[in-house]
Amino acid sequence: MRELTIGKNDAGQRLDRFVAKSLPLLPPTLLQKYIRLKRIKVNGRGAKRDTRLESGDILQLYINDEFFDKPSEENIFLTVFRPQLDIVYEDENLLLVNKRPGLVVHADETEKVNTLINHIQAYLYQKKEWNPKWENAFAPALCNRIDRNTGGIVIAAKNAETLRIINEKIKNHEVEKSYLCITVGRPKPVEGKIAGFLLKDEAKKQVAFYRRPIPGGKTAVTLYRTLETRGPLSLVECRLLTGRTHQIRVSMAEIGCPLLGDGKYGRGDVNRRYGETRQALYSYQLAFPFPTDAGALNYLRGRVFTVADVPFRDKYFPAPETPKTIPVKPRRNL
């Protein structure tokens, strides 16, 4: 329990607004809950959220010490009261989370709080599996990233050994990531390999594709196969043999089949026609073949994880409905 004394400059403020200003890490929903549960008292008594404070009032706050810290990158996860996670798989070492399109994985210039890593850390903190104040505590960390407007499976390590192993396996191409995408046009041939070199323009945040080696260019190899075509759109599965920025988006555009909704490398007229503002790209499947020793994660060898549904696939390439059978009444003997 901690106490705060109301000074002259704070007199007249509402209780909930004063506490929110004093404890910026305390989520608003949790603040209101604590007031209702009388874990926030004024002069030893429970109070309502709109109670007007007076100079000299003493607040008793029965709140975890973490919420009294100053906001920083390390503790900002505390502001996430109800973590929103679509968990594909979880064990004592890692989490596989289905990230929704539009959510950033780490904080950037546009978003500091509502990030995937903050939701993951808040989830594990609230489960009491992790606390940054524990001695030698390892902060849960992401092993791979996915663009803001792309959805799919992200790997989160709960301990340093898992992070080391997964990063090594990704580096050695022992983790297979498969994507679904919708292209404008039908790839020719319908199945194949796109190999080239990608050069990123940091200023424009855009990538260019080259067929031949270029200074600063990085090798990029993508396998693809067309699953279905309906009208001008095709449903395509891609597998990355290298992991480069915007690799699938740039590679499919290079062969004349840009992704539907892609604002950087796609066709604006088609995107507007369909009303799509995000690239139709989803990391829908993750496999751990682990041909070499994986140490503490050997139990994952051969496991394959797939998301339950991909929104744009269901929208543009829905599975055919199973015909309903009509029960036939038995005929009466005449």
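For the structure, see preceding data.
Participant: Just checking my understanding: could you explain the pattern of salt bridges for this structure?
Facilitator: Between side chains of opposite charge, a pair can form when the charged atoms approach closely. Here the structure, examined in full by the defined rule, presents 21 salt bridges. Of the charged contacts in the structure, one is a salt bridge between Lys133 and Asp69, with a shortest N-O distance of 3.2 Å. Pair noted here: Lys133 is in the loop between helix H3 (116-126) and strand S7 (141-142) and Asp69 is in the loop between strand S4 (58-61) and strand S5 (87-90), with a separation of 64 residues, a long-range link. Classification of Asp69 as partly exposed rests on a relative accessible area of 28%. Between Glu90 and Lys158 there is a salt bridge, with its nearest N and O atoms 2.9 Å apart.

Participant: Would you mind showing me how to read the nonpolar core here?
Facilitator: Soluble, globular proteins show a tendency: their nonpolar side chains are buried together. Grouped together as the largest cluster of nonpolar side chains are 41 residues, with contacts concentrated most on Leu15, Val19, Leu26, Ile40 and Ile63. Mapped onto this core, the elements with two or more residues apiece are helix H1 (15-22), helix H2 (28-36), strand S2 (40-42), S4, strand S6 (94-99), H3 and strand S8 (151-157). Among the elements that make up this core, the one with the highest residue count is H3 (seven residues). In this structure, Ile63 is in contact with Leu23, Leu26, Tyr34, Arg39, Ile40 and Phe68, ignoring residues within four places of it in sequence.

Participant: Before we go on, may I ask you to explain the environment of Pro291 in this structure?
Facilitator: In this fold, Pro291 is placed in the loop between strand S14 (281-288) and strand S15 (303-306). The class of Pro291 is exposed, set by a relative accessible area of 64%. With 11 residues separating them along the chain, Pro291 and Gly302 place their C-alpha atoms 9.1 Å apart.

Participant: Sorry if this is basic, but what is going on with the packing of aromatic side chains here?
Facilitator: Each aromatic ring pair is specified by the distance between its two centres and by the angle formed by the two planes. Applying the stated rule across the entire model yields seven aromatic pairs. Note on Phe77 and Tyr125: the rings are 5.4 Å apart at their centroids and 70° apart in plane angle, and the pair reads as edge-to-face. Here Phe77, found in the loop between S4 and S5, pairs with Tyr125, found in helix H3; they are 48 residues apart in sequence, far enough to count as distant. By relative accessible area, Tyr125 is classed as buried at 14%. An angle of 40° between the planes, with centres 4.8 Å apart, marks the rings of Tyr89 and Phe305 as tilted. Of the two residues, Tyr89 sits in strand S5 while Phe305 sits in strand S15, which places them 216 residues apart along the sequence.

How each quantity is defined
- Residues numbered from 1 in each chain as written.
- Predicted model: local features only at pLDDT ≥ 70, side-chain atom pairs only at ≥ 80, totals over all residues.
- Heavy atoms only, no water.
- Salt bridge = Lys/Arg side-chain N within 4 Å of Asp/Glu carboxyl O.
- Helix = DSSP H or I, 4+ residues; strand = E, 2+ residues; numbered from the N terminus.
- Buried < 20%, exposed > 50% of the residue type's maximum accessible area, 1.4 Å probe, protein only.
- Core = buried A, V, L, I, M, F, W, Y, C linked by side-chain atoms within 4.5 Å.
- Contact = heavy atoms within 4.5 Å.
- Phe/Tyr/Trp six-rings, centres within 6.5 Å; stacked < 30°, edge-to-face > 60°.

Note that every value here comes from positions in space, so none of it alone points to a role or purpose.
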